[in-house]
Amino acid sequence: MAKASPMKSGDALAGVAAATEEERIAAKFALADLPLTIFLNEALIPYEDDTVTRLIMDNHNKAAFAPISSMTVGDLRNWLLAYETGTEQLRSVAAGIIPEMAAAVSKLMRNQDLILVAAKVETISRFRSTIGLKGQLSTRLQPNHPTDDPKGIAAAILDGLLNGVGDAVIGINPAADDVVAAERLLQLLDDMRQRYEIPVQSCILTHITNTMVIMERKGPVDIVFQSIAGTEGANNSFGITMDLLQEAWEAALSLQRGTVGNNVMYFETGQGSALSANAHHGVDQQTLEARAYAVACRYEPLLVNTVVGFIGPEYLYDGKQIIRAGLEDHFCGKLLGLPMGCDVCYTNHAEADQNDMDNLLTLLGTAGVNFIMGVPGSDDVMLNYQSTSFHDASYLRQVLGLSCAPEFERWLLKMGLCDDQGRLLPKNRTAPMLAYLQEMDQ
Amino acid sequence: MSQKSKPLYDLSQIKKLTPARIGLARVGSSISTHDMLAFDLDHAQARDAVHLPFDSATIASQLNARQIQSICVHSAAVDRTTFLQRPDLGRQLDDPSKQRLKPYQSPDNERYDLAMVIADGLSTLAIHNNAIALIDYFQKHSASCGWRWAPIVIASQARVALADEIGEILNSRLSIILIGERPGLSAADSMGIYLTHAPRIGRTDAQRNCISNIRQIGLSPEKAARQLKVLISEAFKLGLSGVNLKIKKQSQQVITI
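Residues numbered from 1 in each chain as written. Chains lettered and ligands numbered in written order. Predicted model: local features only at pLDDT ≥ 70, side-chain atom pairs only at ≥ 80, totals over all residues. Heavy atoms only, no water.

## Let's talk about the environment of His43 of chain B
- Its place among the elements puts His43 of chain B in helix α1 (residues 33-51).
- In sequence terms His43 of chain B and Ser186 of chain B are 143 residues apart; their C-alpha atoms lie 9.0 Å from each other.
- Setting aside anything within four residues of it in sequence, one finds His43 of chain B in contact with Tyr346, Asn348, Ala352, Asp353 and Gln386 of chain A together with Leu185 of chain B. (Helix = DSSP H or I, 4+ residues; strand = E, 2+ residues; numbered from the N terminus. Contact = heavy atoms within 4.5 Å.)

Take a look at the structure:
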């Protein structure tokens, strides 16, 4: 399985990658002939050893699996690509596919295959806005600040809104890891949202235990964030268990703050996290990533975001590997029925630049990605990496004819921020919103 | 009407509220030429800082001019490409380097107090710009404390944990590594210092202390040298380093390099 994976530096680091290109293709031939049932009968990480394996096996839906149960991995690729396999077929089979099957078939797929199949899938999630409709591209507004300065964050939020960004979530990564700071930022987001009646949800990307404390204190929690991974050991290194996720999910559901739906969880993942936590069990990083999606599925999330190039070149060396990983993650997540987005990103010691991000962005747009990040000028000044800018989302909407969430689009029109063609209007229309910052000043 | 209540019409007026790149000029929905090129310039500087060849010879001669003995070593990562993909190799010495260090091992009854390592890490520019200045300031503090130094080790293609092996071979009570931090767009020449008490192979990040963002317009080498002296004194007093050694106001963010 690992040897059939497209080349990734993280698999070489783990010592599981194919030694030669020919060995890689030989492994793909072998993989293509394996029956899908083998993944149910022979767990890559033993059932007794790992809660994620138990979650996968215990939740497998045999009825959904029935139509593909006699297929090999190679057959599954052919079936996925067939004209006859459409949105409805893929929706009904999703619960019958386990992550290892999705990962296996992805290893036999070219980039265009990953795009074609993902584009057939529609995964919709809702809270105050509707995310994931066909023909739609949403964005997370990411207004981070190196010292969590409220005015600096508010300024970045306003700039994002003026650029039509934020319909998936307005989500802040706080610099400080404490409940008080997180709660203060959450209050700021909630104030702005209510003041301008913005049909979006807000989120502070702090550890789930912090968010649980804020919920207990009746803070305005819309969406609960957590990083997750594909093995029990890696999840433990994040300080989480399935029980903890369940508890947080139930607490957030009970708040009933959504208006058009109640998907309340936001998960982030990324290839390499299990190896980084030394909890990879000799399994390749892409398969482990797909296993993280089984964790996500259980909590009916609003957003699942693969932060594809954040981890660094020891896991994904260059633009080519980052692009491949982004397409694989999006495909696997969609096949399993998740509302997948992607943080199209890189660090300065990776062999990648903004052009590589343009490529992945465009490919994911074609594949129907649910959402991408909107970071001011692509440059996250708190996390020190480069992602996609507000303008990148507008580019993709222009070139592919995509729109944002319907509720948010109506709000942009109402506020005079865009015209009925979805074109952004000049910034001198924005004075009413800037008043907010002035009041903060006073 | 007070000046504050004058309506703001332009985001350029609020740019000063954050270092983030807000209020970029738009053409259509895209970033205008000048703002795009400004980003590209910052990225180019960061890339160059990672890939600039490490000038260990100049550092050695600068140390020599100060009558400080130095030894050049290399990690097991043969080149930059390997270094970036194999952090494990950047944490080990290659065989010739081990042999080169062994003759300098201090005997147990006369151990070195400090094994100082100057390492390229992820930004050679950071080391070229800041390492010697730090050494100059720190030497004065060290002299007042009477610390015994091993010859300074200049390490190429090195990660933080390489100082564990170096400190172990030299038989030093403490290791200090000056190392280039991962360049961000706002700072390409930021240097970090990691300190490890009783260095030996297998130490974890939790057993180190870190001073970061050392550069002319960040934490100045002068201030960093002072912080380093305080940290070392405390580490010797307590007989440990890491999370249990906490100094007020000290930057404790450990980033794996």
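## Regarding the pairing of strand β10 (residues 371-374) of chain A
All names here are of chain A.
- For strand β3 (residues 138-141) and β10, the ladder comprises four bridges, and the chain directions are parallel. Paired with Leu141 across the strands is Gly374, a residue of β10.
- Of the strand pairs in this sheet, strand β9 (residues 340-343) and β10 are connected by two bridges, and their pairing is parallel. For Gly341, the partnering residue across the bridge sits in β10 and is Phe371.
- The parallel pair β9 and β10, bridged by helix α18 (residues 354-367), forms a crossover whose chirality is right-handed. (Pairing = 2+ DSSP bridges. Right-handed = clockwise from strand over helix to strand, strands pointing away.)

## Overview of the pattern of salt bridges
- In total, this model carries 29 salt bridges over all chains according to the counting rule given.
- Close ionic contact of Arg47 of chain B with Glu351 of chain A constitutes a salt bridge, the shortest N to O distance being 3.0 Å. Placement of Arg47 of chain B in helix α1 and of Glu351 of chain A in the loop between β9 and α18 is noted, with the two residues assigned to different chains.
- A residue is classified by how much of its surface remains accessible, and Arg47 of chain B, at 16% relative accessible area, is buried.
- Note that Lys98 of chain B is salt-bridged to Asp95 of chain B, the shortest N-O span being 3.5 Å. One end of the pair is Lys98 of chain B and the other is Asp95 of chain B, both in helix α5 (residues 95-101) and three residues apart, which spans about a single turn.
- Lys98 of chain B gets classed as partly exposed once you look at its relative accessible area, which sits at 25%.
- Its relative accessible area of 51% is what places Asp95 of chain B among the exposed residues.
- A single network of salt bridges, built from pairs that share partners, joins Arg128, Asp190, Arg193, Asp222 and Arg257 of chain A. (Salt bridge = Lys/Arg side-chain N within 4 Å of Asp/Glu carboxyl O. Buried < 20%, exposed > 50% of the residue type's maximum accessible area, 1.4 Å probe, protein only.)

## Brief notes about the packing of helix α4 (residues 51-58) of chain A against helix α16 (residues 285-297) of chain A
Residues and elements named next belong to chain A.
- Axis separation between α4 and α16 bottoms out at 10 Å; the angle between their running directions is 65 degrees. Here the hand of the crossing between α4 and α16 comes out left-handed. Touching Val52, Thr53, Leu55 and Ile56 of α4 are Arg291, Ala294 and Val295, all from α16.
- Per-class residue counts for the contact of α4 with α16 are five nonpolar, one polar and one charged. (Axes fitted to C-alpha atoms, helices over the stretch in contact; angles between N-to-C directions. Left-handed = near helix turned anticlockwise from the far one by under 90°. Nonpolar A, V, L, I, M, F, W, Y, C, P; charged D, E, K, R; others polar.)

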